[in-house]
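Results of the structural survey
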Amino acid sequence: SDEEAVSEELVRSQASSAHPLLNAVPSDAALILSCTGFKNALKALDDSTMLIGQMFTGDSGPFRSFLHKAAELSSKGHLGAMKNSGMSISVHFGGNAVPLLIVKTGRNHSDSTSASSLLIRAASALSLHTSVKTVDSEADSPLAGQSLLIVSPSESLVQSAERHVTGRTSILDAAGLS
């Protein structure tokens, strides 16, 4: 009905405003965590006593190791302003549970270049795939002007996230999300 359509659109709009990184999460995500503070999220994801870390690292030991390294960098103060950035982590199933991390690096990528570089080097050392995607500041998107760091064990999942940012489709468009 028209009322249900309006309600779904309202839910999408509110979710997009409150958690803009959801606009970059591919629509096949089975599990999503979106946070406003990267540092605190890393603490929870790296804590081996909490189920959340196990849920969001999927079947990937290297990704788990990457989150541990990122948490270590954060605790030593090496993430700078990025520690307060929004982040989203999702799990996608394609035979295995495959994680995808998306972190805002800021409006001016150079503000967080050293933090981004540290995270990219840590991911690369573990054979994870990375991308830094800058959304055009003129784009009709809640992510306009933002730079995003995308990390996953799956190159195709990183590429999918990039397409979802530029194509303006995301998990927010998935049927039955509301």
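Described in the following lines is the structure provided in the data block. (Residues numbered from 1 in each chain as written. Predicted model: local features only at pLDDT ≥ 70, side-chain atom pairs only at ≥ 80, totals over all residues. Heavy atoms only, no water.)

Observations regarding the overall build of the protein
A count of helical and extended segments in the protein gives 6 helices and 5 strands. Along the protein, helices and strands appear, N-terminal first, in the series α-β-α-α-α-β-β-α-β-β-α. Counting only residues that meet the buried cut, the protein has 44% of its 178 residues in that class. Carbon and sulfur atoms make up 49% of the accessible area of the protein, which totals about 8700 Å². (Helix = DSSP H or I, 4+ residues; strand = E, 2+ residues; numbered from the N terminus. Buried < 20%, exposed > 50% of the residue type's maximum accessible area, 1.4 Å probe, protein only. Areas by Shrake-Rupley, 256 points an atom, 1.4 Å probe, with all protein chains shown as cover.)

Here's the deal with the pattern of salt bridges
Per the stated rule, a full pass over the model turns up 1 salt bridge. Taking the shortest distance from any N to any O, the salt bridge between Lys69 and Glu72 comes out at 3.6 Å. On the criterion of helical spacing, the pair formed by Lys69 and Glu72 is a turn pair, its members being 3 residues apart in helix α4 (residues 61–75). The exposure class of Lys69 is partly exposed, given its relative accessible area of 35%. (Salt bridge = Lys/Arg side-chain N within 4 Å of Asp/Glu carboxyl O.)

Considering the side chain of His92
Within the secondary structure, His92 sits in strand β2 (residues 87–93). Side chain to side chain, His92 and Ser90 meet in a polar contact 2.8 Å long. Contacts of His92, omitting those with residues within four sequence positions, involve Val25, Pro26, Asp28, Ala29, Ala97, Val98, Leu100 and Leu157. (Polar contact = N/O pair within 3.5 Å; in protein donor to acceptor, adjacent residues only side chain to side chain. Contact = heavy atoms within 4.5 Å.)

A look at the pairing of strand β5 (residues 147–152)
Across the 6 residues that make up β5, a large majority, 6, are buried. Residue alternation in β5 divides its side chains into two sets, Ser147, Leu149 and Val151 and Leu148, Ile150 and Ser152, and both sets are buried. Direction of pairing for strand β4 (residues 129–134) relative to β5: antiparallel, over a ladder of 6 bridges. When the bridges of β5 are listed, Lys133 appears paired with Leu148. (Pairing = 2+ DSSP bridges.)

Coordinates in, geometry out; function isn't part of it.
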